[in-house]
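Overview (structure and organization)
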2 protein chains.
Amino acid sequence: MKTSEKTAVTTLGEFRLVNRLAKTVELKQPSTIKGIGDDAAVIRYEKAATVVSAELFLEGVHFDLTYTPLKHLGYKLVTAGISDIYAMNATPRQILLSIGLSKRFFVEDLDELYAGVKIACEHYGLELAGGDTTTSLTGLTLHITAIGEAPEEKIVYRSGGKPTDLLCLTGDLGAAYMGLQLLEREKRVFEGNPHKQPHLEGYDYILQRHLKPEARKDVMEALAQHHILPTAMIDVSDGLASDALHLCRQSNSGVRIYLERLPISSETFRMADEIHIDAVTAALHGGDDYELLFTVPVTLHDLLRKELPHVDIIGHLCDASEGAYLLTPDSQAIELVAQGWRS
Amino acid sequence: MKTSEKTAVTTLGEFRLVNRLAKTVELKQPSTIKGIGDDAAVIRYEKAATVVSAELFLEGVHFDLTYTPLKHLGYKLVTAGISDIYAMNATPRQILLSIGLSKRFFVEDLDELYAGVKIACEHYGLELAGGDTTTSLTGLTLHITAIGEAPEEKIVYRSGGKPTDLLCLTGDLGAAYMGLQLLEREKRVFEGNPHKQPHLEGYDYILQRHLKPEARKDVMEALAQHHILPTAMIDVSDGLASDALHLCRQSNSGVRIYLERLPISSETFRMADEIHIDAVTAALHGGDDYELLFTVPVTLHDLLRKELPHVDIIGHLCDASEGAYLLTPDSQAIELVAQGWRS
């Protein structure tokens, strides 16, 4: 759609924006007593604790609108929010979405963003129950509050890991980071020559991992189905190294991770080769993976291997005094270090 | 403190920032099962519904750091967040605080901001239970998620008002807006001549109303003490006109507000005179008041007058077909209109 045909956000008041939004949302969660349209959302979970997480998404830091479709961005924001809820072994039910909009956004842009949010809500069974809408003098500002429930005894903290526990990981690592590198490369090419078309073919997986990542609802359900309760869990969003260290510190443990067991996709390797980046470094520090890292007692090894073959056992916890190390196939031990503060 | 003596935020990782923050917070709410330091906060209210609200605060839109002390800003952010919880007749218990920090912020600045948040938490009996910290390429970005509890049958929505119900208001209106005008004026003077000192004496009240507003915990407690349950309620943060219209629409009612009953402080009148603004306009559209607007059955008139003399009865609801009007002392009827989208 041409800019000239779009509708300025200022032509709608906040009230009408909220109304427009509320119309696209159907009350689906029986736990939502009141959704959009009052001073606050009202929620009631029967016999369960409430789990709440917050995630801030800022233009230029977390996303680049040059190559990020708004619909994908809406979807990814929801993924980022509820990934933290799954990491507590809880079920997300509601989200609150806050948006700071600058003048360059049109109502149609907002509709695109909400369309992505709505698809994610349907996919994960969530209800958009409230939020805040405001003007922004700078970039697009997004915040999601994710709310979920879990029986108190089923909640998994970062702190419950014990030495000898197996360290398990869902999915693979570094792909989102490589998708980002690809998009950044093509952006630079485009800036150099606007007539050139971007070369994105053959990289569907890493692009999807960056632009439209999923939260691991499937794995949480599979674990529950087989009555496996992790001892500790964290979502991998800052890179494996950083998040494994969080889990270790809070579980008062050390860790050994086997380099050859790190799950890395072939597209990630191929892209890493192309741009001369080490794929393992991307796996350790890339971030934005939204996978789950968890520990289980070593006695569950065979059950895990049999019933959840798509979960990788990448190492094990050990005594805190033994430190946190990555072991290479030739038996070198590389100390795990979190990289600087990215986001 | 001189900038050269301050500590860059980048010298701390997010992990240490969170730790620094967690140290200043004591777990006080028995309903907080897990606060800062995991993927999400875990909360459990016994026999009560959970009420959650979200508020985005952006530099340049909601605050100007030229004249807003960070400690005050932290306090005000909490007020803005929990005011929505009180407006549901619920008790706020926890907050999640998300912060996007640009490079010009130092650790000491963050400490100032948190100091204000902490004072507010102590004053209102809240727990800082989590949030998100990230870099920002633009201005300071703040978001508060406020969480509270209420027995389901005590929750007051915007929609419960009935024709003939009395329209009641806590505090006074327009003062925060006038405080803002004063600060903006002195900023312009300072920009014209940096050696000039700002003239802020004698305007303590309007300055406090803008810089460090309070949420109406006191009134909610007084209403409960006298067993008065409002039929509908909203917090006045966008200006009386806009918020009264929200309440009317959702209660499917019209409204009559008596101009001479609008509570306006003498400082507000004085400042309005000085800068040639109509004080009533400021009261109707100024915003940022964080007062509560609520309705009660007309049968409670005498009880309300006797027990809550500091609550003003400013009008009454009527049939929706009669519209929403402000009545002047000389019996003119001015239609209530919400001003454009400010924030």
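About the thresholds
- Residues numbered from 1 in each chain as written.
- Chains lettered and ligands numbered in written order.
- Predicted model: local features only at pLDDT ≥ 70, side-chain atom pairs only at ≥ 80, totals over all residues.
- Helix = DSSP H or I, 4+ residues; strand = E, 2+ residues; numbered from the N terminus.
- Rg over C-alpha atoms; globule rule 2.2 N^0.38 Å.
- Buried ≥ 20, exposed ≤ 12 C-beta atoms within 10 Å, placed from the backbone.
- Contact = placed C-beta atoms within 7 Å.
- Domains from an automatic or database assignment.
- Nonpolar A, V, L, I, M, F, W, Y, C, P; charged D, E, K, R; others polar.
- Pairing = 2+ DSSP bridges.
- Arc of directions from axis to C-beta.
- Axes fitted to C-alpha atoms, helices over the stretch in contact; angles between N-to-C directions.
- Right-handed = clockwise from strand over helix to strand, strands pointing away.
- Parallel < 35°, antiparallel > 145°, perpendicular 65-115°, else oblique.
- pLDDT = per-residue confidence, 0-100.
- Least-squares fit on C-alpha atoms with pLDDT ≥ 70 in both.
- Expected span 1.5 Å × (residues − 1).

Helices and strands together make up the secondary structure of chain A, namely 10 helices and 13 strands. In terms of overall size, chain A behaves like a compact globule, its C-alpha atoms giving a radius of gyration of 21 Å where 343 residues would be expected to give roughly 20 Å. Judged by the C-alpha coordinates and their principal axes, chain A covers about 65 × 60 × 30 Å. Split into buried and exposed, the 343 residues of chain A put 53% on the buried side. Taking the contacts inside chain A whose residues are at least 6 apart along the sequence as the reference set, 85% of them involve residues at least 24 apart.

Glancing now at the domain arrangement of chain A. Residue and element names in this part refer to chain A. Taken domain by domain, chain A comprises domain 1 (3-153) and domain 2 (166-335). Summarising the inter-unit geometry, the C-alpha centres of domain 1 and domain 2 are found 26 Å apart. At the junction of the two partners, domain 1 supplies 15 residues and domain 2 supplies 17 residues. Residue composition of the side of domain 1 that touches domain 2, by class: seven nonpolar, six polar and two charged.

As a further point, take the interface of chain B and chain A. Counting residues at the interface gives 55 residues for chain B and 55 residues for chain A. For the side of chain B that touches chain A, the class distribution of residues is 24 nonpolar, 20 polar and 11 charged. Bridge analysis of strand E3 (residues 49-58) of chain A against strand E2 (residues 41-43) of chain B gives three bridges, and the strand direction is antiparallel. For Val 52 of chain A, the partnering residue across the bridge sits in E2 of chain B and is Ala 41 of chain B.

Residues and elements named next belong to chain B. Here strand E9 (residues 253-258) shows one buried face, formed by Ser 253, Val 255 and Ile 257, and one open face, formed by Gly 254, Arg 256 and Tyr 258. As defined by bridge partners, E9 adjoins strand E11 (residues 311-319) across five bridges and the pair is classed as antiparallel. Looking across to E11, one finds that Ile 257 is bridged to Gly 315. Note that E9 and strand E12 (residues 324-327) share four bridges and pair parallel. When the sheet's bridge partners are listed, Val 255 is paired in E12 with Ala 324.

Residue and element names in this part refer to chain A. Among the residues making up helix H6 (residues 217-225), those that are buried are Val 219, Met 220 and Leu 223. Across the axial projection of H6, the buried residues extend over an arc of 100°, all falling on one side. Of the residues in H6, the exposed ones pointing more than 90 degrees away from the buried face are Glu 221 and Gln 225. Buried positions along H6 lie against helix H2 (70-86), strand E7 (166-170), strand E10 (291-296) and strand E11 (311-319). One or two steps after H6, the chain reaches His 227, where phi turns positive at roughly 55°.

As a further point, take the sheet that holds strand E6 (residues 141-150) of chain A. Read across the open sheet, the six strands follow the order E5(A)-E4(A)-E6(A)-E3(A)-E2(B)-E1(B); overall the sheet is mixed. Because the sheet does not close on itself, it has two edges, and the strands there are strand E5 (127-135) of chain A together with strand E1 (32-34) of chain B. For this sheet, the mean inter-axis angle between neighbouring strands, taken without regard to orientation, is 25°. The strands touched by H2 of chain A are E3, strand E4 (91-101) and E6 of chain A; relative to E6 of chain A, the strand with the most contacts, the crossing angle is about 35°.

With a phi angle near 80°, Thr 164 of chain A is a residue other than glycine that sits in the positive phi range. The backbone of His 227 of chain B sits at a positive phi, close to 55°, despite the residue not being glycine. Looking at the element boundaries, His 227 of chain B is found in the loop between helix H6 (217-225) and strand E8 (232-236).

The next subject is the pairing of E4 of chain A. Within a regular strand, the side chains alternate between the two sheet faces. Residue and element names in this part refer to chain A. Most of E4 is tucked away, with 11 of its 11 residues classed as buried. Note that E4 and E5 share eight bridges and pair parallel. When the bridges of E5 are listed, Ile 99 appears paired with Thr 133. As a crossover connection, the stretch from E4 through helix H3 (residues 107-124) into E5 is right-handed.

Attention now goes to the packing of helix H4 (residues 175-192) of chain B against helix H5 (residues 204-211) of chain B. Residue and element names in this part refer to chain B. Between H4 and H5, the least distance of the axes is 7 Å, while the angle of their chain directions is 100°. Judged by the inter-axis angle, H4 sits roughly perpendicular to H5. Facing Ala 175, Ala 176, Met 178, Gly 179, Leu 180, Leu 182 and Leu 183 of H4, the residues of H5 in contact are Tyr 205, Ile 206, Leu 207, Arg 209, His 210 and Leu 211. Of the residues belonging to the contact of H4 with H5, the class tally is 10 nonpolar, two polar and one charged.

It is worth spelling out the confidence of the model for chain A at this point. For chain A, mean pLDDT is 92; residues scoring 70 or higher make up 92% of the total. Both scores are given for the predicted complex: the pTM is 0.93, the ipTM 0.92.

Moving on to the sheet that holds strand E1 (residues 32-34) of chain A. Overall, mixed pairing links the six strands, which are arranged E1(A)-E2(A)-E3(B)-E6(B)-E4(B)-E5(B) in an open sheet. Unpaired on one side and paired on the other, E1 of chain A together with strand E5 (127-135) of chain B mark the two borders of the sheet. Strand-to-strand twist across the sheet, computed as the mean angle between neighbouring axes with direction ignored, equals 25°. Helix H2 (residues 70-86) of chain B contacts strand E3 (49-58), strand E4 (91-101) and strand E6 (141-150) of chain B of the sheet and is inclined by roughly 35° relative to E6 of chain B.

Turning our eyes to something else, we now look at the relation of the copies chain B and chain A. Structural alignment of chain B on chain A gives an RMSD of 0.0 Å, achieved by rotating through 180° and translating 0.0 Å along the axis. Classification of the inter-copy transformation places it as that of a two-fold axis. In terms of C-alpha distance to the rotation axis, chain B has Thr 138 of chain B as its closest residue, with the C-alpha 3.2 Å off the axis. Mapped onto chain A, 100% of the interface residues of chain B are again interface residues, and the two copies thus contact each other with one and the same surface.

Side chains three or four residues apart in an α-helix point the same way, a direct result of the helix having 3.6 residues per turn. Residues and elements named next belong to chain A. Counted at 1.5 Å a residue, the expected span for H3 with its 18 residues is 26 Å, and the 25 Å between its end C-alpha atoms agrees. Residues Leu 110, Leu 113, Tyr 114, Gly 116, Val 117, Lys 118, Ala 120, Cys 121 and Tyr 124 constitute the buried set of H3. Downstream of H3 by one or two residues, Gly 125 has phi in the positive range, about 70°.

Our next topic: the environment of Gly 139 of chain A. Position of Gly 139 of chain A among the secondary structure elements: in the loop between E5 and E6. Along the backbone, Gly 139 of chain A and Ala 87 of chain A are 52 residues apart, and their C-alpha atoms lie at a distance of 30 Å. Non-local contacts of Gly 139 of chain A, meaning those with residues more than four positions away in its chain, are made with Leu 58, Glu 59, Gly 60 and Ser 102 of chain A together with Thr 138 of chain B.

The residue Ala 87 of chain A is located in the loop between H2 and E4 in this model. For Ala 87 of chain A, a count of 31 C-beta atoms within 10 Å corresponds to the buried category. Sequence spacing of Ala 87 of chain A and Lys 217 of chain A is 130 residues, and the spatial spacing of their C-alpha atoms is 9.7 Å. The residues touching Ala 87 of chain A, leaving out its near neighbours within four places in the chain, are Met 233, Ile 234, Asp 235 and Leu 292 of chain A together with Asp 39 of chain B.

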